[in-house]
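Single-letter residue listing:
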Amino acid sequence: MAAVAEYISRNSPIHRLNPLTKMIWALSILGVGLLFNDYRYLLALLASVLLVAAAAGVLRSLLPAAAGLTVFALILLLIQALFYGQGQVLFYLVPVSNRLAVTGPGLLSGIAMAARMMALVLSFLIFLATTRTRDIVLTLVEKLKVPYDYAFMFMTALRFIPAFFSEVRQVSEAQQARAYAVEGWNPVKKIRAYAPVAVPLVLLSLNKADQLAMAMETRGYSGGLRTCLREAKMGVADYGLSVLLALLLVGSAAARLAGYGLM
Amino acid sequence: MQRKARIKVEKLTYHYGSGQPVLKNISFETGKGECIALIGQNGAGKTTLAKHFNGLHRPSSGKVYIDGIDTTSMKVSELARKVGFVFQNPDHQIFHDTVAREVAFGLRNLRLSRREIEERTAAALEAVGLTEHCRTYPFNLSKGQRQRIALASVLAMQTETIVLDEPTTGQDFRESVQIMEIVRKLNENGHTIIFITHDMSLVARYARRVLVLCRGEILADGDVRSVFAAPEILKKTYLRPPQITNLARCLGRHSIPPDVLGVRELYELLVKMRSEKIGCCS
């Protein structure tokens with residue numbers, strides 16, 4: 001769980017790209033993914049996202065996240081397959097009574113939905129895994145003119161996730177070492193039984209927020225005009241790729257208008 | 001007579017996820033009533049090893065036995081009856097509104113009678129010197145005092161083995177000594193003690209046996225004197241014997257033994273030598 005939404009240090013061509021280019025890439029995936037609903041197009045899109053992950057050398061690290069996503073993908077698939085309700089019936093989930101029919105088009109649209117969801121989420125995770133947080137903030141603020149406060153809030157929230165999970169683990173270990181165990185089926189009891197983990201976590205988080213605020217103030221946060229030490233330059237590859245991606249997006253929109261990729 | 005091992009570790013190897021092993025092929029055992037210091041540089045695997053003693057980590061390969069029972073089949077909450085664990089940061093465990101209730105938490109998990117809980121809580125608070133604070137809100141106390149609450153909550157469980165992960169970090173000298181004196185008393189009462197520390201003078205003063213870890217392997221395992229008398233080994237894991245041992249070593253050619261552990265000890269040796277006129281004191 002700790003690897004999700006964290007930067008993974010590698011020296012790949014993807015890592016060396018400008019954050020803006022990768023942001024454009026993730027947005028293009030989003031655009032293309034939403035334009036089409038043919039399962040073949042969307043599976044190809046998912047495959048291209050996985051190829052980029054492999055090129056960046058982060059495919060293996062993203063596998064746990066991808067495995068987690070497949071659970072949701074399967075739920076999507078099931079819901080689509082069950083409630084599409086048109087076309088030829090392939091089989092029934094409850095065989096004897098002929099209930100819950102799964103139709104051919106329903107199944108395919110389910111696959112399309114699942115592939116779309118995975119492609120979109122994974123492209124965002126790849127963006128985060130291949131780009132340093134400070135570079136994202138830099139791009140958001142310098143290139144996209146997002147107010148620094150908002151960019152900072154966004155990145156702090158992202159950074160907080162892994163830290164929070166590590167704290168959850170430490171607290172529950174500390175309580176288990178004092179013979180604490182969540183037992184039984186009674187939901188009310190179960191919620192109460194989480195207090196030993198939840199209370200220290202809330203206290204620690206408040207404490208952490210307090211310390212963060214202090215650290216920010218001592219380092220001159222909001223102390224006036226900000227200047228940047230580093231500047232993220234757009235290289236030839238960045239411009240080339242950005243143009244290609246823009247063309248891809250325009251081309252996809254044109255293809256969609258011409259009636260391709262629909263089901 | 002066969003000495004029964006309290007903790008027995010056999011060819012223990014451990015890695016997080018699918019990464020590099022953090023512990024490599026570790027084997028040792030501890031007898032009843034030992035007082036062991038676990039030392040080594042940051043990242044050597046001290047805490048990781050210690051977490052195997054109460055089942056928070058399970059060996060990737062190899063076995064850990066507590067009182068002869070294989071830990072793989074036991075829950076952490078069951079092992080908590082045998083091995084107490086004092087963590088580095090007390091704020092990871094404190095959640096009650098009074099010190100006494102905090103200490104009683106583990107005892108309630110053990111389903112002891114109300115009277116027993118009250119007695120043990122009072123005794124544990126007495127031992128760490130927090131009796132007058134039993135109704136205080138824990139977060140109104142200092143970090144050092146909260147560390148002692150954590151210690152008391154483990155003491156109260158009266159486990160045969162107690163593991164302490166850097167019990168003296170963030171404490172001033174007086175508080176450190178206070179905590180280690182409690183530990184010494186526990187050891188004298190027959191508890192097996194394993195403590196992790198970076199403070200070599202504490203090791204010299206309180207431990208009888210030292211386990212030196214370096215990059216997941218045991219570099220040395222022996223009584224304190226013999227380990228500190230071999231600084232070349234300690235150097236590999238960026239540790240240095242206490243200053244007084246270093247001084248004794250430097251004086252070695254004047255027939256001072258190299259394994260002196262305390263100031264008093266060296267002083268007495270020197271006084272004795274002066275009266276005997278051995279060595280070269282011309």
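If you check an unreviewed UniProt entry, chain B appears there as ABC-type cobalt transport system, ATPase component from anaerobic digester metagenome. As stated in UniProt under Subcellular location (unreviewed entry), the record for chain B gives "Cell membrane".

J.: Can you explain the overall build of chain A? Please cite residues and give values.
T.: In terms of regular secondary structure, chain A is built from ten helices and two strands. The C-alpha radius of gyration computed for chain A amounts to 23 Å, which surpasses the reference 18 Å derived for 263 residues by more than 25%, pointing to a less compact arrangement than a globule. Projected onto the principal axes, the alpha-carbon positions of chain A cover approximately 65 × 60 × 30 Å. Across the 263 residues in chain A, those meeting the buried criterion constitute 34%. Nonlocal contacts in chain A, meaning residues at least 24 apart in sequence, comprise 72% of its contacts between residues at least 6 apart. Element-wise, carbon and sulfur atoms account for 68% of the exposed surface of chain A, whose accessible area totals about 15700 Å². Charged side chains of chain A number 23 positive and 12 negative; the gap between the two group centres comes to 7 Å.

J.: Which residues make up the confidence of the model for chain B, and what values go with them?
T.: Here chain B shows a mean pLDDT of 87. Residues at 70 or above account for 96%. Taken element by element, chain B is modelled with least confidence in helix α11 (residues 263-276) of chain B, mean pLDDT 82, and with most confidence in strand β8 (residues 192-196) of chain B, mean pLDDT 94.

J.: Explain empty space enclosed by the protein residue by residue, including any values.
T.: All names here are of chain A. As enumerated under the stated definition, the model contains one cavity of 30 Å³ or more in all. Roughly 50 Å³ of volume is contained in the largest cavity. Forming the boundary of the largest cavity are Val49, Leu50, Ala53, Leu59, Leu62, Leu63, Ala66, Leu122 and Ile126. Elements with a minimum of two residues in the lining of the largest cavity: α3 (39-56), α4 (59-83) and α5 (104-130). By residue number, the principal contributor to the lining of the largest cavity is α4, which donates four residues.

J.: So what's going on with helix α6 (residues 173-188) of chain B? Residues and values would help.
T.: Residues and elements named next belong to chain B. Look at α6: 22 Å from first C-alpha to last across 16 residues, which is about the 22 Å you get at 1.5 Å a residue. The elements touched by buried residues of α6 are β3 (35-39), α4 (114-128), α5 (143-155), β7 (161-165), β8 and α7 (200-206). Just beyond α6, the residue with positive phi is Gly190, at close to 100 degrees.

J.: Could you give an account of the interface of chain A and chain B, with specific residues and numbers?
T.: Facing the 19 residues of chain A at the interface are 23 residues of chain B. Taking both sides of the interface into account, the surface hidden between chain A and chain B amounts to around 1900 Å²; carbon and sulfur atoms contribute 60%. Where chain A meets chain B, there are two salt bridges. Put simply, Glu173 of chain A and Lys51 of chain B hold a salt bridge, and the shortest N to O gap is 2.8 Å. Inspection of the region where chain A meets chain B yields six residue pairs in polar contact (both at pLDDT 80 or more). Contributing elements (two or more residues each) for the side of chain A that touches chain B: α7 (148-176) and α9 (195-218) of chain A. For the side of chain A that touches chain B, the class distribution of residues is twelve nonpolar, three polar and four charged.

J.: Tell me what's going on with the domain arrangement of chain B, and back it up with residues and numbers.
T.: Residue and element names in this part refer to chain B. Annotation of chain B at the domain level lists domain 1 (7-238) and domain 2 (242-281). A separation of 34 Å is found between the C-alpha centroids of domain 1 and domain 2. Between domain 1 and domain 2, the residue contacts involve nine residues of the former and eight residues of the latter. Two residues, Glu265 and Arg225, come together in a salt bridge whose shortest N-O distance is 2.7 Å. The interface formed by domain 1 and domain 2 includes one residue pair in polar contact (both at pLDDT 80 or more). Only α7, α8 (224-228) and α9 (231-236) provide two or more residues apiece to the side of domain 1 that touches domain 2. Of the residues belonging to the side of domain 1 that touches domain 2, the class tally is six nonpolar, one polar and two charged.

J.: Break down a nonpolar patch on the surface for me, citing the residues and quoting the values.
T.: Residues and elements named next belong to chain A. Taken together, the side chains of Leu78, Leu90, Phe91, Leu93, Val94 and Leu100 define a hydrophobic patch exposed on the protein surface, amounting to about 530 Å² of accessible area. The dominant element in the nonpolar patch, judged by the number of residues it contributes, is strand β1 (residues 89-94), at four residues. For Leu78, the position within the fold is in helix α4.

J.: So what's going on with the sheet that holds β8 of chain B? Residues and values would help.
T.: All names here are of chain B. Ordered in space as β6-β7-β8-β3-β9-β10, the six strands form an open sheet in which the pairing is mixed. Each having just a single partner strand, β6 (83-86) and β10 (217-223) make up the two edges of the open sheet. The mean inter-strand angle of the sheet, taken between neighbouring strand axes irrespective of direction, is 15 degrees. Against the sheet, α5 engages β6 and β7, with an angle of about 175 degrees to β6. Relative to β8, α6 is tilted by about 150 degrees, and along the sheet it contacts β3, β7 and β8.

J.: Describe the domain arrangement of chain A, with residues and values.
T.: Domain boundaries in chain A define domain 1 (2-131 + 233-257) and domain 2 (147-218). With centres defined by C-alpha atoms, the gap from domain 1 of chain A to domain 2 of chain A works out at 31 Å.

J.: Hey, could you go over the sheet that holds strand β5 (residues 69-70) of chain B for me, with residue numbers and the actual values?
T.: Spatially, four strands are ordered β2-β1-β4-β5 (chain B) in an open sheet, and the strand pairing comes out antiparallel. Of all the strands in the sheet, just β2 (21-30) and β5 of chain B have a single pairing partner and so form its edges.

J.: Let's hear about unusual backbone geometry: which residues, and what values?
T.: For Gln158 of chain B, which is not glycine, the phi torsion reads 50 degrees and is therefore positive. You can see Gln158 of chain B is positioned in the loop between α5 and β7.

J.: For the pairing of β3 of chain B, give the residues involved together with the corresponding values.
T.: Residues and elements named next belong to chain B. Among the five residues that make up β3, five are buried, leaving the element largely enclosed by the rest of the structure. A two-sided burial pattern is seen for β3, the buried positions comprising Cys35, Ala37 and Ile39 on one face and Ile36 and Leu38 on the other. Two strands pair when backbone bridges link them, and β3 and β8 are joined in this way by four bridges, in the parallel orientation. Within the sheet, the bridge partner assigned to Ala37 lies in β8 and is Phe195. Relative to strand β9 (residues 209-214), β3 runs parallel, the two sharing four bridges. Residue pairing for β9: Ile36 is matched across the bridge by Arg209.

J.: Please set out the UniProt feature "domain: ABC transporter" (unreviewed entry) in chain B residue by residue, giving values where relevant.
T.: When the UniProt feature table is mapped onto this chain, "domain: ABC transporter" (unreviewed entry) is found at residues 7-240 of chain B. Here residues 7-240 of chain B runs as 35% helix and 25% strand, with 28 Å between its end C-alpha atoms.

Conventions used here
Residues numbered from 1 in each chain as written. Chains lettered and ligands numbered in written order. Predicted model: local features only at pLDDT ≥ 70, side-chain atom pairs only at ≥ 80, totals over all residues. Heavy atoms only, no water. UniProt positions renumbered as here; feature names shortened; annotations may be inferred. Helix = DSSP H or I, 4+ residues; strand = E, 2+ residues; numbered from the N terminus. Rg over C-alpha atoms; globule rule 2.2 N^0.38 Å. Buried < 20%, exposed > 50% of the residue type's maximum accessible area, 1.4 Å probe, protein only. Contact = heavy atoms within 4.5 Å. Areas by Shrake-Rupley, 256 points an atom, 1.4 Å probe, with all protein chains shown as cover. Lys, Arg positive; Asp, Glu negative; His and termini not counted. Charge placed at Lys NZ, Arg CZ, Asp CG, Glu CD. pLDDT = per-residue confidence, 0-100. 1 Å grid on protein atoms, 1.4 Å probe; cavity = no way out; pocket = protein on both sides within 12 Å on 5 of 7 lines; lining within 4 Å. Points joined across faces, edges and corners; volume = space filled by probe spheres on them. Expected span 1.5 Å × (residues − 1). Buried area = accessible area lost by both parts, 1.4 Å probe. Salt bridge = Lys/Arg side-chain N within 4 Å of Asp/Glu carboxyl O. Polar contact = N/O pair within 3.5 Å; in protein donor to acceptor, adjacent residues only side chain to side chain. Nonpolar A, V, L, I, M, F, W, Y, C, P; charged D, E, K, R; others polar. Domains from an automatic or database assignment. Patch = residues over 30% accessible without salt bridge, like charges linked within 9 Å, V, L, I, M, F, W, Y side chains within 5 Å. Pairing = 2+ DSSP bridges. Axes fitted to C-alpha atoms, helices over the stretch in contact; angles between N-to-C directions.

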